[in-house]
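# Structural overview for review
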Amino acid sequence: MIELRTSPHMKGALSLPQIMRHVIYALLPICAFSIYQFGISALALITVVTLSCIATEALFNHLSNKKNSLNDYTAVITGILLALTLPPGFPLWMGAVAGFIAISMGKTLFGGMGFNLFNPALLGRAFVQAAFPVAITSWTPTGMADRFTQFIPSSLTLPFTAPTAVDGFSGATPLALQKFEDTLTPNSDLILGFSSGSLGETSSLLIVFCGAYLIIRGFMGWRIPLAIILSTILISGAFYLLDNSYPSPLFMLTSGGLMLGALFMATDPVSAPVTPMGMWLFGFLIAAMTIIIRLFGGLPEGIMYAILFANASVPLIEAIAQPRKFGQVATKKSGESK
Amino acid sequence: MSILDLFKNKTFSHGIHLPDKKEHTRNQKIRRLPFAPELIVPLTQHFGAPAKAVVSPGQEVVRGELIAEADGFMSVPIHAPASGVIKEIELYPTAKGPKTEAIIIKTWPGASQRMADFDPVNIPSLSHEQLIQAVQDTGMVGLGGAGFPTHVKLSVPAEYTIDTLVVNGCECEPYLTTDHRLMLESTEKLLHGISILMNALGAKQAIIGIEDNKMDAVNAIKDHISGFEHIQVQAVQTHYPQGSEKLLIKVLLGREVPSGGYPYQVGVVVQNIATITQLGELLPTNQGLIERVVTVTGTGVKKPGNYLIPLGTPIRFLLDYVGFSGTANHLILGGPMMGSTVASLDVPITKPVSGLLVFNEQSIEKVSDEIYPCIKCARCVDACPMHLNPSMLGQLAAKREYDPMMETYNLMDCFECGCCSYICPSNIPLVQYFRIAKSVLRERPREEV
């Protein structure tokens, strides 16, 4: 039996599940470090959020009679990424809600993988930021002595009750310290990851390593992260030069979720542009929005809203950033065809 | 493009790196295939009007004799690939699919295969028109796969002057090694062919562009080049689809052929190695094109190699000769990126066929057959040598929104090289979508009239 196919008859080896698997591999060291810093609360939160994402995806597949889409691993990635943006002591039930919203509203509502307009993980986080404003801004210091034997009390809050604040468990983030108390966290703490913050955002060095792995292996593009980092240096550098009371570019880069956002959130290909020019514009927009929110907005951190805003701008960006096709004549007149 | 590329040979932006798979045949000398008992010689082996048969059933023909004449300028004649008797003129399946008219020749046994006699021609004495006519009389078409009549390509509109003949020795498709072998084994003929064409075009220089996985060919030509002025050899990076003429011109000369235009608009004519080598041999002796070199390879072939095959040889005969394993079920005429599969073993080898690839059930690399939605990873955008946006084109094609594909996203500039389909991690058959979209768009104006 002769088989008929159309060209090309060769196929590259890279497959979508393979890419997604490697993204998970790259996230594991960040998870491990967050567990090392925040203990079993971090482990429980990552597990709960990821399981919630997987369960939600399975539920909607079942409800809409779609075939199993868990084997593309994207639900797992959304779960891990979402967990890494949450505070260590975030109540586990709220984490489950965040996972449910991320997958249901952020992904399946649009038609599943490949069709979402926004980064699902960030959409889930934006929801809980609005729904649980206290829990999402309650921080825990790193390296508590009993972190491997005891949960952070707020983690185990019962569903639909507010977590009770416990003394000794507050640790403001470097951005909040800088914004509201004019205290600068040492750069070494920011780079190595010994400042408080969301699970996965503490060590910018580790994030850069993990992201670099994906870029070098060809699983992720380099333009968007580079665009965000360069634009951040440029814009915050300009403010810093104008007035030294603004934070330095290094602080801007290494504090908060900027690195995690630049390397793992903005690079979600589905919600980012595909054209090279579009990617540069996208990165610049994210950096600019983040800095504007951080310096002039009411919130200490702006990377999440900046990325969501840039996600929404993608169709507009793509419209003006289409590549110049090969052989395009510079001055094309309308009557010139044929 | 990475920094390392600065130290390598020149290439174009975008495109992909392919495993070249040429190791089984690149060192195999060209061998002659015996004559099949029956040759199937289609009247359409070229782009343009079918040739008109000038023989009738029962008539005896001598190898090299004219059996079908060109029907107008956009057509080429066909010569008898072997001596024998015309059995019939019938509809036969072709590689492209639909059946077309073909002359069936029952060949005499190999020993009596004598060539018809021809009077040699003194090429330099010919006028431009006579030379174009002589090229048409050889029945020559682009042997790289296009099948475009060579004399038409040499007939440049009067308002353009050609300064450069680009000789395409890239052979960027994996597996194929016919041009490679010709450059090594027929170097003199190639260079003579180039001289003839340079004169025909009035070109001041010729540049032979060769991918750097064939450095032995580059050196072989350099060894022979001293007697030929104004011919130079340039190694270019092995990078698919380097052999696309517009990309090769860009790499060698830095000129960009306008979208929808032709190379002569930037003063260039491109011809491939096999075409020029054959012309260099046929023109001075006033003969017609009756055979060509074909790479026969793939996991299903027992004796892979480069074979000089009489045109019209059925694939069935060829496969019996080279030996193939029983499960061979995937036959490709041409290269693996742009070639087409054949539906029947009665399909003959014709002028544009540069390769026959035979694969077993599991041998063609396929990771997964599952098609996932487009994740906009942009690998196709970075691969498209025409700098299109295959991701967006693919999404539009899936929704059958063909008009914006053409008007906004330049679908018609796609030449179906297959880079996007190759690279797509979601296994989306992008080129296949685009082919459908193009044919729908081409049909449309006719419907409206």
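Residues take numbers from 1 onward in each chain, read along the sequence in its written order. All chains are assigned letters beginning at A, and all ligands numbers beginning at 1, according to the order in which they are written. Only residues with pLDDT of at least 70 get local features here, since the model is predicted, and only at 80 or more are side-chain atom pairs given and counted; chain-wide, interface and lining totals rely on the full set of residues.

### Considering the overall build of chain B
In plain terms, the rule: The numbering of helices and of strands both runs from the N terminus, where a helix is a DSSP run of H or I of at least 4 residues and a strand a run of E of at least 2. Computation of the radius of gyration draws on C-alpha atoms alone. For the globule rule, the value is 2.2 Å times the number of residues to the power 0.38. Counting other C-beta atoms within 10 Å of a residue's C-beta gives its exposure: the residue is buried at 20 or more, exposed at 12 or fewer, and partly exposed in between, where C-beta atoms are placed from the backbone. Here contacts are defined at the residue level, using C-beta atoms placed from the backbone and a cut-off of 7 Å between them.
Counting its regular elements, chain B contains 13 helices and 17 strands. Taken over the C-alpha trace, chain B has a radius of gyration of 22 Å; the compact-globule value for 449 residues is 22 Å, and the two agree within 12%. Seen through its principal axes, chain B has C-alpha atoms that stretch 60 × 55 × 50 Å. Across the 449 residues of chain B, 54% fall into the buried class. Restricting to contacts in chain B with at least 6 residues of sequence separation, those with at least 24 account for 73%.

### What to know about the packing of helix α4 (residues 187–201) of chain B against helix α5 (residues 215–224) of chain B
Residues and elements named next belong to chain B. Note the following rule: Comment: axis = line fitted to C-alpha atoms, over the contacting stretch for helices; angle = value between 0 and 180 degrees taken between N-to-C directions. Roughly parallel refers to an angle under 35 degrees, roughly antiparallel to one over 145, roughly perpendicular to one between 65 and 115, and oblique to any angle outside these ranges. Left-handed describes a crossing in which the near helix is turned anticlockwise from the far one by less than a right angle; the clockwise case is right-handed. Residue type decides the class: Asp, Glu, Lys and Arg count as charged, Ala, Val, Leu, Ile, Met, Phe, Trp, Tyr, Cys and Pro as nonpolar, and the leftover types, Gly among them, as polar.
Contact pair α4 / α5: the axes reach a minimum separation of 10 Å and the direction vectors enclose 70 degrees. Here α5 runs roughly perpendicular to α4, going by the angle between their axes. Between α4 and α5 lies a crossing whose hand is right-handed. Every residue of α5 that contacts α4 at Thr187, Glu188 and Leu191 is listed here: Ala220, Ile221 and His224. Of the residues belonging to the contact of α4 with α5, the class tally is three nonpolar, two polar and one charged.

### Digging into the interface of chain B and chain A
In this assembly, 49 residues from chain B lie in contact with 36 residues from chain A. When contributions to the side of chain B that touches chain A are tallied by element, the ones reaching two or more residues are β15 (330–333), β16 (340–341), α12 (419–423) and α13 (430–448) of chain B. Its residues assigned to classes, the side of chain B that touches chain A shows 26 nonpolar, 16 polar and seven charged.

### Regarding the pairing of β15(B)
Residues and elements named next belong to chain B. The condition that has to hold: Whether two strands pair depends on DSSP finding at least two bridges between them.
Along β15, one buried face is formed by His330 and Ile332 and the opposite face, lined by Leu331 and Leu333, is buried too. Taken together, the four bridges between β15 and strand β17 (residues 355–359) define a ladder with antiparallel strand orientation. Bridge pairing in β17 places isoleucine 332 opposite leucine 357. Across two bridges, the pairing between β15 and β16 is antiparallel. Across the sheet, residue leucine 333 finds its bridge partner in β16, namely serine 340. The loop that links β15 with its antiparallel partner β16 comprises six residues; one of these, glycine 334, has a positive phi angle of about 100 degrees.

### Topic: the confidence of the model for chain A
The criterion, for reference: Values of pLDDT, the confidence the predictor places in each residue, fall between 0 and 100.
In this model, chain A carries an average pLDDT of 89, and 94% of its residues clear a pLDDT of 70 or more. Taken together, the stretch residues 331–338 of chain A has pLDDT below 50 and engages in zero contacts with residues farther than four places along the chain or on a different chain.

### A few points about the sheet that holds strand β10 (residues 205–211) of chain B
Residues and elements named next belong to chain B. Pairing within the open sheet is parallel, and its four strands lie in the order β11-β10-β9-β12. Each end of this open sheet is capped by a strand with a single partner; those strands are β11 (231–236) and β12 (268–272). Strand-to-strand twist of the sheet, defined as the mean angle between neighbouring strand axes without regard to direction, takes the value 25 degrees. Each of β9 (164–169), β10 and β11 touches α5; the most contacted strand, β11, lies at about 165 degrees to it. Packing against the sheet, helix α6 (residues 245–253) makes contact with β9, β10, β11 and β12, and its axis sits at approximately 115 degrees to β9.

### Some details on the domain arrangement of chain B
Bring the parts together and some accessible area is lost; that lost area is often taken as the interface size. All names here are of chain B. This is how it is decided: Segmentation of the chain into domains, including their bounds, is taken from an automatic or database domain assignment.
Taken as a whole, chain B is organised into domain 1 (17–33 + 122–365) and domain 2 (379–448). Counting from both sides, the interface comprises seven residues of domain 1 and, opposite them, seven residues of domain 2. A breakdown of the residues in the side of domain 1 that touches domain 2 according to their chemical character gives five nonpolar, two polar and no charged.

### Brief notes about α4(B)
Residue and element names in this part refer to chain B. Note the cut-off: Working rule for helices: expected span equals 1.5 Å times residues minus one.
The terminal C-alpha atoms of α4 lie 21 Å apart, and with 15 residues this matches the ideal 21 Å at 1.5 Å per residue to within 8%. Of all the 15 residues making up α4, 11 are buried; the element is thus mostly covered by neighbouring parts of the structure. Of the residues making up α4, those classed as buried are Leu190, Leu191, His192, Gly193, Ile194, Ser195, Ile196, Leu197, Met198, Ala200 and Leu201.

### Notes on the nonpolar core
Soluble globular proteins: nonpolar side chains tend toward being buried together. Worth spelling out the cut-off: Note on terminology: a nonpolar core is any set of buried Ala, Val, Leu, Ile, Met, Phe, Trp, Tyr and Cys residues joined through C-beta atoms within 7 Å.
Counting 220 residues, the largest nonpolar core has A:Leu45, A:Phe282, A:Ile286, A:Ile307, B:Leu165, B:Ile194 and B:Leu201 as the members making the most contacts within it. Per-element tally for this core: the top contributor is helix α1 (residues 16–38) of chain A, with 11 residues. Residue contacts for B:Leu201: discarding those within four places in its chain leaves B:Leu154, B:Val156, B:Ile162, B:Leu165 and B:Val269.

### Things to note about helix α2 (residues 40–63) of chain A
Residues and elements named next belong to chain A. Look at α2: 34 Å from first C-alpha to last across 24 residues, which is about the 34 Å you get at 1.5 Å a residue. When α2 is considered as a whole, its buried residues turn out to be Ser41, Ala42, Leu45, Ile46, Val48, Val49, Thr50, Ser52, Cys53, Thr56 and Glu57. Where the residues of α2 are buried, they touch α1, α3 (74–84) and α4 (92–104). A positive phi of about 55 degrees marks asparagine 65, the residue just after α2.

### Remarks on the pairing of β9(B)
Residue and element names in this part refer to chain B. Burial analysis of β9 places six of its six residues in the buried class, the great majority of the element. On β9, burial covers both faces: Thr164, Val166 and Asn168 on one face and Leu165, Val167 and Gly169 on the other are all buried. One ladder, built from six bridges, connects β9 with β10; its direction is parallel. Residue pairing for β10: asparagine 168 is matched across the bridge by glycine 209. In the sheet, β9 pairs with β12 via five bridges, with the strands oriented parallel. Bridge pairing links asparagine 168 to asparagine 272 in β12.

### Brief notes about the sheet that holds strand β3 (residues 52–53) of chain B
Residues and elements named next belong to chain B. Spatial strand order, β3-β5-β6: three strands in an open sheet with antiparallel pairing. Single-partner strands in this sheet number two, and they are β3 and β6 (78–79). When strand β5 (residues 66–69) meets β6, the two strands line up antiparallel, connected through two bridges. Across the sheet, residue leucine 66 finds its bridge partner in β6, namely histidine 79.

### Brief notes about the packing of helix α12 (residues 276–296) of chain A against helix α13 (residues 303–320) of chain A
All names here are of chain A. Running from amino to carboxyl end, α12 crosses α13 at an angle of 145 degrees, the nearest separation of the two axes being 9 Å. Seen from above, α12 lies across α13 with right-handed handedness. Of the residues in α13, those in contact with Gly278, Leu281, Phe282, Leu285, Ile286, Met289, Thr290 and Ile293 of α12 are Ile303, Tyr305, Ala306, Ile307, Phe309, Ala310, Ser313, Val314, Ile317 and Glu318. Among the residues making up the contact of α12 with α13, the classes are represented as 14 nonpolar, three polar and one charged.

### Structural notes on the environment of B:Thr177
By the element assignment, B:Thr177 lies in the loop between β9 and α3 (178–185). With near-sequence residues (within four places) excluded, B:Thr177 lies in contact with B:Lys22, B:Thr25, B:Arg26, B:Thr295 and B:Asn306.

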